Each structure stands twice: as C-alpha cells, then as structure tokens.
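A closer look at the structure
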Amino acid sequence: MVFLRRTMLLRFLLMSAILALFLFISSLWLPNGGLRDCGGPWQPCLSFHKQMPEPPLALGEWVELNKAPPLIKDCPGQSFQALLLLQYLKSSLADADDLLLESYLQSWDQLLKFMESLGTMVSFFSQKVKEKVVLIRELSLKHSAEAHGKRGLSVRSGLQTPESFGLQRGVRGRSVVKSFLTDLRSTVNHSLYFSFKAYRSLRSMVKAELKEGVVDFSRRTDSGCRTLLRLHRSLLWLKLMLEGLADGPDADGRYKTPGELSRDAYEVALAPHHPWLLRQAAEFVFLALPERRYFLQLVCVQSQREATPVLHVIIHALKLVHTQTQRILHEHDMLELP
C-alpha cells in the first residue's frame, strides 16, 4: 500500500512538472501564426482545415439582442453574467456594417470572467486573451495621447498617461498599462479612450493602422488588427464549445464532456495556429475542465433542458459578432496575419 501511494505521488509530481514546463514555455512569445510557421522541430507540419470567410448573414438573422427572453436573467453571486454579455455583443453591432471596439472588448471582459470561473487551469487560455484585450486598449490610449497630446488626457483624468511612465514592452510595460487602465476607469468615463476616431471601430482601426504602416503581412507586429484576429479565433473556439454544450446526447444517450467539446472546438479554431508544444499543453486544460453541470450553473440553469434555449441565444449573438468580424478582416486579407 505504501509503495502504491508513493508511485501515485511520483506520477502526480511528474505530471505537474510537465504541465508547469508547458505553461512556462507558453508564456513566452512563441510564434502563433498560421501554417507558414510549421516545419521546425518545435512545430511539426500538420494538415488542417483552412478557415474560410463566413457568408454574410441574412437580414432576418440580425435580431434585437437586447430583447433576450426572460429565461436569461441576472445570476447573483457570480462574476460572469450572460445578460451583460448579450448587451455588450449587441452594442458592438450598433453600426450596421462595422464593429464597435469598446463594446467588443467589454464582451471579452465578460467572456474572460466565464473562462476564469472554470478553474485555474483555464488560465492557459484566459491569460493570453487578457493580454490581447489590454494591448488593444493600450494602443487606443497611446494613439489618442499622440494625436491629442499627453497633457490633454492627463489634465482631464488627473492621471499620468502610460507614456509618462516610460512605457515599454514586456511584462512591466503591460502591468503599468493595466494599473493605469484600472485607475482611469474609476475616474473618467470608460469610453474616453475609445472616443477618438482611429480606434472607435474595427473598420476605423484597420484604416488607421494600414495608413500608418503598422500592419505587416509577412512578419509579426503588435498591431491592433493582428491582436484582434487572435481574439476573433478565440471567440470561435468559445462559440463552438457552447454549441456542443447546447447539443443533445448521441445515439447511445451520452453527452460529450466539456473537455471533449473544448478539444473538438480547439482543433477547429485554435490548433491550426498554435505550435506543436502549445497544442500538447492544451490537452492538460481539457482534462481539468469541470463537469457539464458546472457550465450550466454559470448561465443560471440546473438542467440540460433549461440550458439549451439559453445557450442558443448566446451562441446566436456570438455568431453575429464573429461573422461581422470575419467579413471585415476578409475584405482586407487579414485572416492569416502572422
């Protein structure tokens, strides 16, 4: 018995060490471009389905998202709120042929709360998403400060701008911006740093960054367009996973586990753009996901029968935003930015 326990402990420690190594490596700036990056010892070439632009939605599909059915309600005691998510998704589509960035990123704030509610292992995905949300907000602040003068923004807010801190790349620079944004939200209107034209919407950001030459189609740059493309792919992953949760059982009456659904969605949405090592690390995340019942509780339902109509509303809203984003990025050949 003692020998068995010792063996199990050693196996557990070994698995933990391997996972820690994977997570450490994933935190580095490894390439996460498209298929062109394969071929190295860390990135074996695989054949993946290449994502094509989705067709425009029919007019009848553009429903009023703020008229969500009464079964979607506030969920006391938890950070993620499905009703808030729907409101932000609808607001992001306020311009019929565009995507408003502030509301889009607020949608991601809610989706991040959803992801973080699933446990610490999901930070493998959520941390990268959070960095991208912060980066777009940082770019908007930087652009507005350069366009209108650093002093103008600091006078209105009573705060120092990130530039006055000597903003730099890397963890320290990101932490400075994150702290600044937290203070900014508590003292001025949240829309201040999105009120300037360049980063008001996806189309205006694309136009501004193409004009300034910050988007590179052959190598990686920290442009807003490239960063939003990564968020766009992650949105597809979440949408596909929720579609699986909304589905019924198979012919044998068995429901797929959240881990299986997440793996299936990952293979379509994210795996084609991740190096081999990150794809292996993702497997540990899928194994650690909670059971289906926990996911249902996050949208304030207790059974699969209650969950299905709620999930369909959320999925429909995500589809509208994803399709709009896909169409705009496709128009400018930005679906495969490195």
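Quick note: structure is the one above.
Below or above, wherever it landed, is the structure these notes cover. (Residues numbered from 1 in each chain as written. Predicted model: local features only at pLDDT ≥ 70, side-chain atom pairs only at ≥ 80, totals over all residues. Heavy atoms only, no water.)

Helix and strand content of the chain: 12 helices and 0 strands. Reading the chain from its N terminus to its C terminus gives the helix and strand order α-α-α-α-α-α-α-α-α-α-α-α. For the chain, buried positions account for 47% of its 338 residues. Taking contacts inside the chain between residues at least 6 apart in sequence as the whole, the part at least 24 apart equals 75%. Total accessible area computed for the chain in this model is approximately 17,300 Å², and 59% of it derives from carbon and sulfur atoms. (Helix = DSSP H or I, 4+ residues; strand = E, 2+ residues; numbered from the N terminus. Buried < 20%, exposed > 50% of the residue type's maximum accessible area, 1.4 Å probe, protein only. Contact = heavy atoms within 4.5 Å. Areas by Shrake-Rupley, 256 points an atom, 1.4 Å probe, with all protein chains shown as cover.)

Glancing now at the pattern of salt bridges. The full count for this structure, using the stated rule, is 14 salt bridges. Where Arg219 meets Asp216, a salt bridge forms, and the shortest distance between an N and an O atom there is 3.3 Å. The shortest N-O distance in the salt bridge between Glu331 and Arg327 comes to 4.0 Å. Note that Glu331 and Arg327 are positioned in helix H12 (residues 304-331) at a spacing of 4 residues, about one turn of the helix. (Salt bridge = Lys/Arg side-chain N within 4 Å of Asp/Glu carboxyl O.)

Bringing the packing of aromatic side chains into the picture now. With the rule as written, the count across this model stands at 6 aromatic pairs. Ring plane angle 35 degrees and centroid distance 4.6 Å describe the contact between Phe125 and Trp237, whose orientation is recorded as tilted. Within this pair, whereas Phe125 is found in helix H4 (residues 123-148), its partner Trp237 is found in helix H8 (residues 224-246), the two being separated by 112 residues in sequence. Under the relative-accessibility criterion, Phe125 is labelled buried at 6%. Since its relative accessible area comes to 5%, Trp237 is described here as buried. Each member of the aromatic cluster is reached from another via a ring pair, and the members are Phe125, Trp237, Tyr266 and Phe286. (Phe/Tyr/Trp six-rings, centres within 6.5 Å; stacked < 30°, edge-to-face > 60°.)

We now examine the environment of Val206. Its location among the elements puts Val206 in helix H7 (residues 202-212). Taking the C-alpha atoms as reference, Val206 lies 9.0 Å from Ile328; in sequence the two are 122 residues apart. Every residue in contact with Val206, bar those within four places of it in the chain, is listed here: Cys225, His332 and Met334.

The subject of this paragraph is the nonpolar core. In this structure, Trp108, Phe114, Met115, Phe125, Leu202, Trp237 and Ile314 are the most contacted members of the largest nonpolar core, which totals 76 residues. Setting aside its immediate chain neighbours within four residues, Phe125 contacts Met115, Trp237, Tyr266, Leu270, Ala282, Val285 and Phe286. (Core = buried A, V, L, I, M, F, W, Y, C linked by side-chain atoms within 4.5 Å.)

What follows is about H12. With 28 residues, H12 should cover 40 Å at 1.5 Å per step; its first-to-last C-alpha distance of 39 Å lies within 8% of that length. Of the residues trailing H12, Asp333 is marked for its positive phi of about 55 degrees. (Expected span 1.5 Å × (residues − 1).)

Okay, the packing of H7 against H8 next. Helix-helix packing is described using two parameters, namely the angle between the two axes and the distance between the axes. Taken N-terminus to C-terminus, the directions of H7 and H8 make an angle of 140 degrees; their axes are 9 Å apart at the nearest point. On the basis of the axis angle, H7 is oblique to H8. Here H7 contributes Leu202, Met205, Val206 and Glu209 to the contact with H8, which in turn contributes Gly224, Cys225 and Leu228. The residue makeup of the contact of H7 with H8, split by class, is 5 nonpolar, 1 polar and 1 charged. (Axes fitted to C-alpha atoms, helices over the stretch in contact; angles between N-to-C directions. Parallel < 35°, antiparallel > 145°, perpendicular 65-115°, else oblique. Nonpolar A, V, L, I, M, F, W, Y, C, P; charged D, E, K, R; others polar.)

Attention shifts here to the environment of Lys239. Inspection of the secondary structure puts Lys239 in helix H8. Between the C-alpha atoms of Lys239 and Ile315, which are 76 residues apart in sequence, the distance is 6.0 Å. Setting aside chain neighbours within four positions, we find Lys239 in contact with Ile315, Leu318 and Lys319.

A separate point is the environment of Leu89. Residue placement: Leu89 occurs in helix H2 (residues 82-92). Its relative accessible area of 2% is what places Leu89 among the buried residues. Each C-alpha atom, one on Leu89 and one on Ser107, is 5.9 Å from the other, the two residues being 18 residues apart in sequence.

A few words on unusual backbone geometry. Among all residues save glycine, negative phi is the norm, and among peptide bonds the norm is trans. In this model, Cys300 sits at a positive phi of 60 degrees, which is unusual for a non-glycine residue. When you line up the elements, Cys300 lands in the loop between helix H11 (292-298) and H12. The class of Cys300 is buried, set by a relative accessible area of 18%. In this structure, Asp333 is a non-glycine residue whose phi angle is positive, near 55 degrees. Position of Asp333 relative to the elements: it lies in the segment after H12. Asp333 gets classed as exposed once you look at its relative accessible area, which sits at 59%.

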